[in-house]
Amino acid sequence: MTGARRVTESALGRLGLSGRALVVAVPLVWLLVFFLIPFLVVAKISLSEVTIARPPYLPLLEWDGLRATLNLNFENYAYLWNDPLYGNAYLFSVRVAFVSATLALLIGFPMAYYIARSPEPRRTLLLTAVILPFWTSFLLRVYAWQGFLRSNGVINNTLISLGIIDTPIVMLQTDFAVYIGIVYTYLPFMILPLYANLVKLDDSLLEASADLGGRPVATFFYVTLPLSMPGIIAGFMLVFVPAIGEFVIPELLGGPNTLMIGRVLWNEFFANRDWPVASAVAIAMLVVLVVPIMALRSAQARAEEKR
Amino acid sequence: MSQPQPSLAPKPWLSSEATPFVRIQKVTKKFGDFTAVDDVSLDIYRGELFCLLGGSGCGKSTLLRMLAGFETPTEGRIIIDGQDMAGIAPYDRPTNMMFQSYALFPHMTVEANVAYGLLREGVRKAEARERVAEMLRMVQLTQFARRKPHQLSGGQRQRVALARALVKQPKLLLLDEPLGALDKKLREETQYELIRIQETLGVTFIIVTHDQEEAMTLSTRIGVMNAGEIVQVGEPPEIYEFPKSRFVADFVGSVNIFPGRVVEDEPDFIRLDSPEMGGTIHVGHGVSCTLNQQMWFAIRPEKITVTRDRPDAEHNVVQGLVEEVLYMGNLTAFRIRLDSGKTIRATRANLSRQEHEPISWDERVWLHWGDTSGVVLAQ
Ligand SMILES: Nc1ncnc2c1ncn2[C@@H]1O[C@H](COP(=O)(O)OP(=O)(O)O)[C@@H](O)[C@H]1O
Ligand SMILES: [Mg+2]
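Everything numeric here is computed off the predicted structure, so don't read it as measured data.

**Describing the coordination of the magnesium ion (ligand 2)**
All names here are of chain B.
Move 1: In the first shell of the magnesium ion (ligand 2), the protein supplies S61 (OG) and Q100 (OE1), at 2.1 to 2.5 Å from the metal. With S61 in helix α1 (residues 60-68) and Q100 in the loop between β6 (95-98) and α2 (110-121), this residue pair connects regions lying 39 residues apart in the sequence.
Move 2: Judged by relative accessible area, Q100 falls into the partly exposed class, the value being 43%.

Spelled out as structure tokens, the structure:
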């Protein structure tokens with residue numbers, strides 16, 4: 001055992017690698033291969049010109065036997081900038097993601113708080129219930145919502161049979177359905193970090209606040225809320241960021257007007273087969289996203305430091 | 001028992017007219033099957049500095065938490081200032097507590113921690129700032145006002161917790177092991193400060209401690225707890241000199257205990273036959289007991305005199321071998337093995353700076369005590 005270890009170690013040593021470097025190298029290589037290289041490929045495509053060919057874009061670098069010419073094409077970005085469709089889709093996506101994350105926070109916070117304050121057997125049970133939906137396919141669950149929301153779906157049928165409404169309410173293919181879908185799907189991502197934070201909350205701090213005259217509302221706003229800020233920010237990011245690029249939910253539950261950036265991207269790639277514009281959309285989305293993510297990250301770092 | 005009682009100045013707990021400020025009536029607290037506080041009844045008077053003294057896990061904190069409103073008594077009543085506390089939330093009680101774990105708000109500065117209670121009470125910001133500054137001056141934390149709790153030492157945190165509880169000047173202050181993390185000097189200063197606050201503000205204090213010395217120096221009265229019960233309540237000298245049980249005698253200060261059988265029971269003296277002492281113990285006052293009853297004789301080390309020559313006394317004289325001598329500055333402590341095999345402790349005040357031929361190891365010495373120096377205990 002130790003002999004084998006020594007052999008590997010000395011072999012690694014000859015390659016100039018220590019164990020520590022190896023451990024760091026694995027995620028680095030992973031990021032390089034599966035994130036950085038694809039990103040560069042997409043960035044490259046976004047700068048090329050569309051053509052009817054396979055692949056459907058012209059190469060950046062041309063070699064005519066004597067000279068290499070670099071054809072950088074910023075047309076795609078200019079196109080995004082000039083056509084209001086894209087800007088609106090970005091704004092709409094950010095709005096939907098923000099509202100959804102806020103709703104998820106408002107719903108998730110009480111749930112996480114209740115779970116974190118529950119005694120042990122119940123706590124594990126509730127936590128399992130939060131994770132349980134992941135055991136079935138995400139797609140199936142979104143389809144199930146179609147069954148609930150459509151005109152002759154579960155909700156409308158129930159309301160009609162109870163005599164509360166006469167004509168079905170149009171819910172499917174509306175923004176409302178998109179919000180429901182996103183909040184429903186991403187709620188566990190809000191609850192879990194909040195739970196992890198709230199479960200660490202020291203009871204005696206709440207007692208101290210009450211002892212010093214803090215009523216429950218004051219205790220919540222002056223003690224619980226500030227101390228759970230890192231969890232709130234983490235949960236918010238985990239919902240907000242992926243919700244911006246969400247494609248499946250607006251596609252299945254939203255109407256034709258629900259133009260979120262993920263759907264635009266999909267249409268450019270597969271309907272228009274305009275890979276360069278689609279790539280430009282993707283890159284622009286990334287750039288637009290980096291700003292709020294950085295803001296949230298630094299807010300989180302500040303909240304962590306306060307503890 | 002007809003043992004002599006200490007003579008006491010008039011004090012509220014001695015008068016039958018005084019109304020207690022805090023009344024704890026037959027209070028029991030159970031956690032599942034476990035009884036943490038067992039049928040405790042206690043009256044505490046306005047302006048007292050009452051110490052709950054007991055070993056770890058005996059239920060002191062639980063009793064305090066019931067007064068603060070964090071635990072509900074399983075049985076019994078708690079009345080503070082004439083008001084039954086049943087169903088009254090902590091934030092509506094006239095109490096403030098200093099937590100054993102300090103429970104400082106980690107996201108607030110020292111200043112904000114201390115101001116918290118005042119602001120919740122609706123005190124205006126300017127006034128709160130003034131009172132906080134004064135409080136911080138008192139606990140010598142002025143230059144740390146802007147720090148967060150995690151940037152402070154243990155002793156400093158303890159002082160913040162103390163300041164936070166004191167600043168509201170509640171009618172009843174509950175302190176859970178308030179001075180544990182302070183070094184000796186700061187601890188003594190804070191003790192004086194507590195006494196000063198108690199005297200100037202007339203605040204009533206209930207202090208939980210496991211440190212009997214602290215209880216002795218601080219308190220007007222001590223309640224000794226054991227396994228959830230209050231076993232004795234009294235003023236410090238009473239607890240020390242007139243313990244009612246071996247537990248109290250042993251827990252408060254150090255003591256030598258001899259089991260003995262009553263062989264003579266007269267109105268003005270009794271005699272106990274004690275094989276462990278190697279003879280009979282003569283007690284110079286009457287004790288309510290019966291002949292042949294098993295009793296315990298407890299005597300404190302400082303009440304035993306150690307001499308090289310046989311003392312000129314009729315009773316309570318034994319011989320032993322010095323096993324250990326500990327020089328402690330103000331006094332010297334001896335451990336002496338009696339001929340019966342029992343080891344006992346005796347101390348002697350170091351009255352002169354240099355003793356001629358002090359008693360030392362392996363010497364045979366005589367021990368003697370006065371016939372009213374010890375206590376006879378039935379349990
Ligand atoms: N919330 C609780 N649940 C169960 N047992 C408890 C609880 N609080 C205290 N106890 C038990 O009650 C006993 C007394 O505790 P405590 O009052 O904290 O003792 P101390 O005298 O050291 O302050 C201990 O044995 C402790 O384990
Ligand atoms: Mg305790």
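**Describing the environment of A:R263**
All names here are of chain A.
Move 1: Relative to the helices and strands, R263 is located in helix α13 (residues 261-271).
Move 2: Sequence spacing of R263 and G231 is 32 residues, and the spatial spacing of their C-alpha atoms is 30 Å.
Move 3: Contact partners of R263, with chain neighbours within four places excluded, come to F247, P250, E251, G255 and T258.
Move 4: A distance of 3.0 Å separates polar atoms of two side chains, one belonging to R263 and the other to E251.
Move 5: In terms of polar contacts, R263 uses its side chain to reach the backbone carbonyl oxygen of T258, at 2.8 Å.

**A few points about the domain arrangement of chain A**
Interfaces are frequently sized by the accessible area removed from exposure as the parts join.
All names here are of chain A.
Move 1: Once the domains are mapped, chain A shows domain 1 (19-73) and domain 2 (84-306).
Move 2: One C-alpha centre belongs to domain 1, the other to domain 2, and the line joining them spans 33 Å.
Move 3: In this complex, domain 1 contributes 11 residues to the contact, which on the side of domain 2 involves nine residues.
Move 4: Applying the counting criterion to the domain 1 and domain 2 interface returns zero salt bridges.
Move 5: Seen at the junction of domain 1 and domain 2, the total is zero residue pairs in polar contact (both at pLDDT 80 or more).
Move 6: Grouping the amino acids of the side of domain 1 that touches domain 2 by side-chain chemistry returns eight nonpolar, two polar and one charged.

**Section: helix α11 (residues 229-244) of chain A**
Residues and elements named next belong to chain A.
Move 1: A rise of 1.5 Å per residue sets the reference length of α11, with its 16 residues, at 22 Å; its end C-alpha atoms lie 22 Å apart and thus fit the reference within 8%.
Move 2: Of all 16 residues making up α11, 12 are buried, and the element is well covered by its neighbours.
Move 3: Those residues of α11 lying buried are P230, G231, I232, I233, A234, G235, F236, M237, V239, F240, A243 and I244.

**Considerations on the site of ligand 1**
Residue and element names in this part refer to chain B.
Move 1: The environment of ligand 1 is formed by F31, F34, A36, G55, S56, G57, C58, G59, K60, S61 and T62.
Move 2: Here an oxygen atom of ligand 1 and a side-chain polar atom of T62 are 2.6 Å apart.
Move 3: Protein coverage of the free-state accessible area of ligand 1, which is 570 Å², stands at 59%.
Move 4: Of all the secondary structure elements, the ones that give two or more residues to the shell around ligand 1 are β2 (34-44) and α1.

**Side note on the pattern of salt bridges**
Move 1: As enumerated under the stated definition, the model contains 28 salt bridges over all chains in all.
Move 2: Between A:D203 and A:R117 there is a salt bridge, and its shortest N-O distance comes to 2.4 Å. Taken together, the residues A:D203 in helix α9 (residues 203-211) and A:R117 in helix α4 (residues 84-117) connect sequence positions 86 residues apart.
Move 3: The class for A:D203 is partly exposed, based on a relative accessible area of 46%.
Move 4: Linking B:D81 and B:K171 is a salt bridge whose minimum nitrogen-to-oxygen distance equals 2.7 Å. With a gap of 90 residues between them, B:D81 in the loop between β4 (75-80) and β5 (83-84) and B:K171 in the loop between α4 (154-166) and β7 (172-176) connect regions that are remote in the sequence.
Move 5: A residue is classified by how much of its surface remains accessible, and B:D81, at 30% relative accessible area, is partly exposed.

**Side note on the sheet that holds β5(B)**
All names here are of chain B.
Move 1: Spatial strand order, β2-β1-β4-β5: four strands in an open sheet with antiparallel pairing. The outermost strands of the open sheet, each flanked by one partner alone, are β2 and β5.
Move 2: Note: strand β1 (residues 22-31) against β4, five bridges, orientation antiparallel. Note that in β4 the partner of T28 across the bridge is E75.

**Focus on the packing of aromatic side chains**
Move 1: Considering all chains together, one arrives at 24 aromatic pairs over all chains under this definition.
Move 2: On the basis of an interplanar angle of 70° and a centroid distance of 5.6 Å, the ring pair of A:F98 and A:F236 is categorised as edge-to-face. With a gap of 138 residues between them, A:F98 in helix α4 and A:F236 in helix α11 connect regions that are remote in the sequence.
Move 3: Using a relative accessible area of 46% as the deciding quantity, one classes A:F98 as partly exposed.
Move 4: Note on A:F236: relative accessible area 13%, which makes it buried.
Move 5: Where B:F297 meets B:W369, the ring centres are 5.9 Å apart and the plane angle is 25°; that geometry is what we call stacked. Taken together, the residues B:F297 in strand β14 (residues 294-299) and B:W369 in the loop between β19 (364-368) and β20 (375-377) connect sequence positions 72 residues apart.
Move 6: Each member of the aromatic cluster is reached from another via a ring pair, and the members are A:Y57, A:F247, A:W266, A:F269, A:F270 and A:W275.
Move 7: Sitting above the plane of the A:Y113 ring, A:R117 keeps its charged end 5.5 Å from the centroid.

**Quick word on the environment of A:L265**
Residue and element names in this part refer to chain A.
Move 1: For L265, the location among the structural elements is in helix α13.
Move 2: In the structure, L265 is positioned 14 residues away from S279 in sequence and 8.1 Å away in space, judged by C-alpha atoms.
Move 3: Those residues within four positions of L265 in sequence are excluded, and the remaining contacts are A278, V281 and A282.

**Considering helix α6 (residues 138-149) of chain A**
Residue and element names in this part refer to chain A.
Move 1: Between its terminal C-alpha atoms α6 stretches 17 Å, which fits the 16 Å expected from 12 residues at 1.5 Å a residue.
Move 2: When we look at burial in α6, the residues that qualify are R141, V142, Q146 and L149. Taken around the axis of α6, the buried residues stretch over an arc of 160°, which confines them to a single face.
Move 3: In this fold, the buried residues of α6 make contact with α7 (154-161), α8 (175-198) and α12 (248-253).
Move 4: Near the N-terminus of α6, the side chain that reaches the backbone nitrogen of L139, with its oxygen 3.0 Å away, is that of S137.

**Overview of the domain arrangement of chain B**
Residue and element names in this part refer to chain B.
Move 1: Domain boundaries assigned for chain B yield domain 1 (18-248) and domain 2 (259-377).
Move 2: A separation of 39 Å is found between the C-alpha centroids of domain 1 and domain 2.
Move 3: At the interface, seven residues of domain 1 touch six residues of domain 2.
Move 4: For the domain 1 and domain 2 pair, buried surface summed over both sides reaches about 640 Å², with 53% attributable to carbon and sulfur atoms.
Move 5: If you sort the residues of domain 1 by the area they bury against domain 2, Y240, P243 and R246 come out on top, with a joint share of 71%.
Move 6: Applying the counting rule to domain 1 against domain 2 returns one salt bridge.
Move 7: In this structure, E241 engages K303 in a salt bridge whose closest nitrogen and oxygen atoms are separated by 3.0 Å.
Move 8: Looking at the side of domain 1 that touches domain 2 residue by residue, the classes come out as three nonpolar, one polar and three charged.

Analysis parameters
Residues numbered from 1 in each chain as written. Chains lettered and ligands numbered in written order. Predicted model: local features only at pLDDT ≥ 70, side-chain atom pairs only at ≥ 80, totals over all residues. Heavy atoms only, no water. Donors = N, O, S within 2.8 Å, 3.2 Å for Na, K, Ca; no water. Helix = DSSP H or I, 4+ residues; strand = E, 2+ residues; numbered from the N terminus. Buried < 20%, exposed > 50% of the residue type's maximum accessible area, 1.4 Å probe, protein only. Contact = heavy atoms within 4.5 Å. Polar contact = N/O pair within 3.5 Å; in protein donor to acceptor, adjacent residues only side chain to side chain. Domains from an automatic or database assignment. Salt bridge = Lys/Arg side-chain N within 4 Å of Asp/Glu carboxyl O. Nonpolar A, V, L, I, M, F, W, Y, C, P; charged D, E, K, R; others polar. Expected span 1.5 Å × (residues − 1). Near = heavy atom within 4 Å. Areas by Shrake-Rupley, 256 points an atom, 1.4 Å probe, with all protein chains shown as cover. Pairing = 2+ DSSP bridges. Phe/Tyr/Trp six-rings, centres within 6.5 Å; stacked < 30°, edge-to-face > 60°. Lys NZ or Arg CZ within 6 Å of the ring centre and 35° of its normal. Arc of directions from axis to C-beta. Buried area = accessible area lost by both parts, 1.4 Å probe.

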